[in-house]
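Okay, here's what each chain looks like letter by letter:
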Amino acid sequence: MTTKEGQSRKRKRGRRHRELPQSTHTTEHKRETHQREHACQSSASAKPPKSSSPSSSSSFLDKIKAKLAGGHFRMINEKLYTCTGEEALKYFKEDPALFDMYHTGYQEQMSHWPEQPVNIIIKWLQDHSPSLIVADFGCGDAHLAKNVKNKVFSIDLVAHDPSVIACDMSNTPLDSASVDVAVFSLSLMGTNFSSYLKEAHRVLKPSGWLLIAEVKSRFDPSNGGADPNKFSKAVCDLGFTSTSKDLSNKMFILLYFKKKENQKSKKKEIEWPELKPCLYKRR
């Protein structure tokens, strides 16, 4: 081998040795670049931590308020079932806002009923003469009066509507024998409920109608409720005749009476069955 050939081979080996570190450096550089790109992509795709939105906070506050309102309603409802009408009137006079709170809760409870008794009574009135004068005892927001053509005296403990007469339902300002129909739609609430019915008897004309709708559980003897037959007998002893009853609805019963034309001068003592309070469950 000539001297020139040997020198040529040495130069080639030298170039290969010099190029090798450069190739290794390039590979490492590519690896680092790939890792940085992957890290950037992971960072970009990562979702930011969830923060409570205003709507979710508002929804939570609404639920808290609803629970508080429901608790207040149940407290007021129990009070009305376990005191006299006179005591209830004084209770709401001291704080009228309680009446609004009660009726807001009442409407919420009624929204869960598939059918409301006041609407059946409205239908009954619409099927009869619009000339009949009506007294709606415990009228609430005067829903009945707003949905019939009849003249209606709307009566309740507080005037929740401008048309409502605020008074103790056992002592109304209505004249004797001045109305044709007396209505009690879920309103026989006080411990002296019998005095409300006596007042209805006073203001009704002879042969006038008495319509009573009440929560069905209050007339379920197997569950501590009153016997509906004993209740009807007590109403009849007051001076009415039972004309019909509707027990078909699972939520409430409907009782229809007419005031007797000829009243006995001496009335016997009436045995009124106890009506248990209707206490709504917490939802």
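Being a predicted model, the structure only gives us computed values, none of them experimental. (Residues numbered from 1 in each chain as written. Predicted model: local features only at pLDDT ≥ 70, side-chain atom pairs only at ≥ 80, totals over all residues. Heavy atoms only, no water.)

**Structural notes on the state of the cysteines**
1) Next: If you walk through the whole model with that rule in mind, you get zero disulfides.
2) Next: Here C139 is not cross-linked by a disulfide; its sulfur's nearest cysteine counterpart is in C167, at 9.3 Å. (Disulfide = S-S within 2.5 Å.)

**Focus: the environment of F73**
1) Next: Inspection of the secondary structure assignment puts F73 in helix α2 (residues 54-81).
2) Next: Judged by its relative accessible area of 1%, F73 falls in the buried class.
3) Next: Residues F73 and M101 lie 28 residues apart in sequence; the distance between their C-alpha atoms is 6.5 Å. (Helix = DSSP H or I, 4+ residues; strand = E, 2+ residues; numbered from the N terminus. Buried < 20%, exposed > 50% of the residue type's maximum accessible area, 1.4 Å probe, protein only.)

**Let's talk about the packing of aromatic side chains**
1) Next: Here the structure, examined in full by the defined rule, presents 11 aromatic pairs.
2) Next: Every member of this aromatic cluster is reached through a ring pair, and the members are F193, F219, F231 and W272.
3) Next: Between K79 and the ring centre of Y91, over which it is positioned, the NZ or CZ distance is 5.3 Å. (Phe/Tyr/Trp six-rings, centres within 6.5 Å; stacked < 30°, edge-to-face > 60°. Lys NZ or Arg CZ within 6 Å of the ring centre and 35° of its normal.)

**Section: the sheet that holds strand β1 (residues 134-137)**
1) Next: Within the open sheet, the seven strands sit side by side as β3-β2-β1-β4-β5-β7-β6. Their pairing is mixed. Where the open sheet ends on each side, the last strands, each with one partner, are β3 (164-166) and β6 (240-246). Direction aside, neighbouring strands of the sheet carry axes that sit 20° apart on average.
2) Next: Strand direction decides the pairing type here: β1 and strand β4 (residues 179-185), joined by four bridges, are parallel. The residue bridging D136 from the neighbouring strand is V183, located in β4.
3) Next: Against the sheet, helix α7 (residues 228-239) contacts β5 (204-215), β6 and β7 (252-259), and its axis sits at roughly 150° relative to β6. (Pairing = 2+ DSSP bridges. Axes fitted to C-alpha atoms, helices over the stretch in contact; angles between N-to-C directions. Contact = heavy atoms within 4.5 Å.)

**Regarding the environment of C83**
1) Next: Relative to the assigned elements, C83 resides in the loop between α2 and α3 (85-94).
2) Next: Looking at C83, the relative accessible area reads 3%, which means it is buried.
3) Next: Remark: the alpha-carbon pair of C83 and N192, spanning 109 residues in sequence, is separated by 8.0 Å.
4) Next: Aside from chain neighbours lying at most four places away, what touches C83 is A88, G190 and T191.

**Side note on the confidence of the model for the protein chain**
1) Next: The predicted model of the protein chain averages 81 in pLDDT, with 72% of residues at 70 or higher.
2) Next: Here residues 16-27 scores under 50 on pLDDT; set against residues more than four positions off or in separate chains, the count is zero contacts.
3) Next: This stretch, residues 60-65, has a pLDDT under 50; its non-local contacts, to residues over four places away or in other chains, come to zero contacts. (pLDDT = per-residue confidence, 0-100.)

**Here we look at the pairing of β5**
Within a regular strand, the side chains alternate between the two sheet faces.
1) Next: Taken across its 12 residues, β5 has nine buried, putting it largely inside the fold.
2) Next: Relative to β5, β4 is paired through six bridges, and the arrangement is parallel. Bridge pairing in β5 places F184 opposite I212.
3) Next: Considered for its hand, the β-α-β crossover made up of β4, helix α6 (residues 193-203) and β5 is right-handed.
4) Next: The pairing of β5 with β7 spans seven bridges and is classified as antiparallel. Residue pairing for β7: L211 is matched across the bridge by Y256. (Right-handed = clockwise from strand over helix to strand, strands pointing away.)

**Re the side chain of E214**
1) Next: With respect to the helices and strands, E214 occurs in strand β5.
2) Next: In this structure E214 comes out as buried when scored by relative accessible area, which is 0%.
3) Next: At 3.4 Å, the side chain of E214 forms a polar contact with the backbone nitrogen of S187.
4) Next: A distance of 3.1 Å separates the side chain of E214 from the backbone nitrogen of L188, its partner in a polar contact. (Polar contact = N/O pair within 3.5 Å; in protein donor to acceptor, adjacent residues only side chain to side chain.)

**Describing the side chain of D136**
1) Next: Here D136 lies in strand β1.
2) Next: For D136, which is buried and forms no salt bridge, the nearest opposite charge comes from K146, at a distance of 10 Å. (Lys, Arg positive; Asp, Glu negative; His and termini not counted. Salt bridge = Lys/Arg side-chain N within 4 Å of Asp/Glu carboxyl O.)

**Here's the deal with the packing of α6 against α7**
1) Next: α7 packs onto α6 with a crossing angle of 40° between their chain directions and a minimal axis gap of 10 Å. In this view, α6 runs oblique relative to α7, as classed from their interaxial angle. Between α6 and α7 lies a crossing of right-handed hand. Counted together, F193, L197, K198 and H201 of α6 and F231, V235, L238 and G239 of α7 form the full contact between these two elements.
2) Next: In the contact of α6 with α7, the residues fall into five nonpolar, two polar and one charged. (Parallel < 35°, antiparallel > 145°, perpendicular 65-115°, else oblique. Left-handed = near helix turned anticlockwise from the far one by under 90°. Nonpolar A, V, L, I, M, F, W, Y, C, P; charged D, E, K, R; others polar.)

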